[in-house]
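Okay, here's what each chain looks like letter by letter:
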Amino acid sequence: MKLNKLFVALMVVALPLGFTACGGDDNDDNGSYEFPEAPNKAKAATYTFSSQETPIQSVSFGEGNSAIIEMEGVDGVEYIIGTYTEKDGTYTVTSPDGQTYQFKVSVNGSSYDVQITVGQEQVTVTAKKTTATASGADLLLCDWKPFRTKINLTKVIENGRKVEKPGTLTKEWDGANFEVIKTWAEDQGCDIDEDLEGYVLQKVAFFGTYKFSAAFANKKSYAATWKTTSAWKDNGADLQFTWEDEKSKENDFIKDGKARVKIYTSGAYEGECWLTLISSIDDKDDKWNVEVNFRLIRF
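Residues numbered from 1 in each chain as written. Predicted model: local features only at pLDDT ≥ 70, side-chain atom pairs only at ≥ 80, totals over all residues. Heavy atoms only, no water.

A.B. asks: Mind showing me how you'd approach the sheet that holds strand β1 (residues 45–49) here?
C.D. replies: Pairing is antiparallel in the closed barrel, where eight strands are placed in the order β1-β2-β3-β4-β5-β6-β7-β8. Sheet twist, expressed as the average angle between the axes of neighbouring strands with direction ignored, equals 30°. Taken together, the five bridges between strand β5 (residues 90–94) and strand β6 (residues 100–108) define a ladder with antiparallel strand orientation. Within the sheet, the bridge partner assigned to Val93 lies in β6 and is Tyr101. (Pairing = 2+ DSSP bridges. Helix = DSSP H or I, 4+ residues; strand = E, 2+ residues; numbered from the N terminus. Axes fitted to C-alpha atoms, helices over the stretch in contact; angles between N-to-C directions.)

A.B. asks: I tried to follow the packing of aromatic side chains on my own but got confused; where do I start?
C.D. replies: For any two aromatic rings, the description comes down to two numbers: the centre-to-centre distance and the angle of the planes. Summed over all chains, the structure comprises 27 aromatic pairs. Geometrically, the ring pair formed by Phe35 and Trp144 is edge-to-face, given 6.0 Å between the ring centres and 70° between the ring planes. Residue Phe35 is located in the loop between α1 (2–30) and β1, and its partner Trp144 is located in strand β9 (residues 143–158); the two are separated by 109 residues in the primary sequence. Trp144 matches Phe35 in its accessibility class, with the two residues each being buried. A ring pair is formed by Tyr47 and Phe61, whose centres lie 6.1 Å apart and whose planes are at 65°; its orientation type is edge-to-face. Placement of the pair is Tyr47 in strand β1 and Phe61 in strand β2 (residues 56–61), with a sequence separation of 14 residues. Take Phe61: its relative accessible area is 1%, and that puts it in the buried class. An aromatic cluster of three or more residues is present, and its members are Phe178, Tyr199, Phe206, Tyr210, Phe212, Phe216, Tyr222, Trp226, Phe241, Trp243, Phe253 and Phe294. Positioned above the aromatic ring of Phe299, the side-chain terminus of Lys145 is 5.6 Å from the ring centre. (Phe/Tyr/Trp six-rings, centres within 6.5 Å; stacked < 30°, edge-to-face > 60°. Buried < 20%, exposed > 50% of the residue type's maximum accessible area, 1.4 Å probe, protein only. Lys NZ or Arg CZ within 6 Å of the ring centre and 35° of its normal.)

A.B. asks: Help me understand the layout of surface pockets, please; the structure alone is not making it clear to me.
C.D. replies: Gaps left between atoms show up when a probe the size of a water molecule is rolled over them. The volume enclosed by the largest pocket comes to roughly 550 Å³. Lining the largest pocket are 22 residues, with Glu78, Tyr79, Ile80, Ser221 and Asp245 positioned closest to its centre. Looking at the lining of the largest pocket element by element, the count peaks at six residues for strand β4 (residues 76–87). A breakdown of the residues in the lining of the largest pocket according to their chemical character gives nine nonpolar, four polar and nine charged. (1 Å grid on protein atoms, 1.4 Å probe; cavity = no way out; pocket = protein on both sides within 12 Å on 5 of 7 lines; lining within 4 Å. Points joined across faces, edges and corners; volume = space filled by probe spheres on them. Nonpolar A, V, L, I, M, F, W, Y, C, P; charged D, E, K, R; others polar.)

Now the structure itself:
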């Protein structure tokens, strides 16, 4: 009798645990996170202008609400990363400093007429339109914000000699602050020259027209084009970035342009996009391999 009572008591305690475990297993194995459709998927395109009447050479509208304006500046080509809205064929791009650019698009046979308004100046130019061709990357094409960052730092050459048994130093933070990452790397002995003060990553955007943008808290931004260097498999692929602006080319963490991306639709990381930038840093006679992993969620 006492044994039976003990058995019943153990079952009462164990059953809830059993149900909880089964429920968790089902979620991990069979759950599938459904990403919301990108809000501006139907509007995403790049418009390229051939006219010399405007310094603006092209404008790209992303599947999220990010836009990239390419324009001729005093010191060469400049890139303005902003956000956009669209109403009745008029796209309004707002830059980080509050400047607005309007693009009113209308079809003209096989090309497009675009009325560009910047402040009090207005000009109408002919444009070539390019739409999304990033096959297999549908889930990637949107705006993302970082919430965790991890760095793996490995010394492979020391004083001109190969390190026989290189060890990897690892650190992880909330958010994505390049200045904090730089300070930590330098504390490990890896010197980085460029000033990254204020470079707190706020948003990145992948465009179906193979554009990429990164916006920072200090109102600075990076622009790039991207391509896959491996086939898409399980919502992941190897990437190659070509950085367009000079500041991004100076950033040791990203200058090589190599990257991996993985989007999780189930399991512990469902709903996340992991973007890992892969580079090497030459520090006098020393050389370091660096991987910076950004855990991103949809904006």
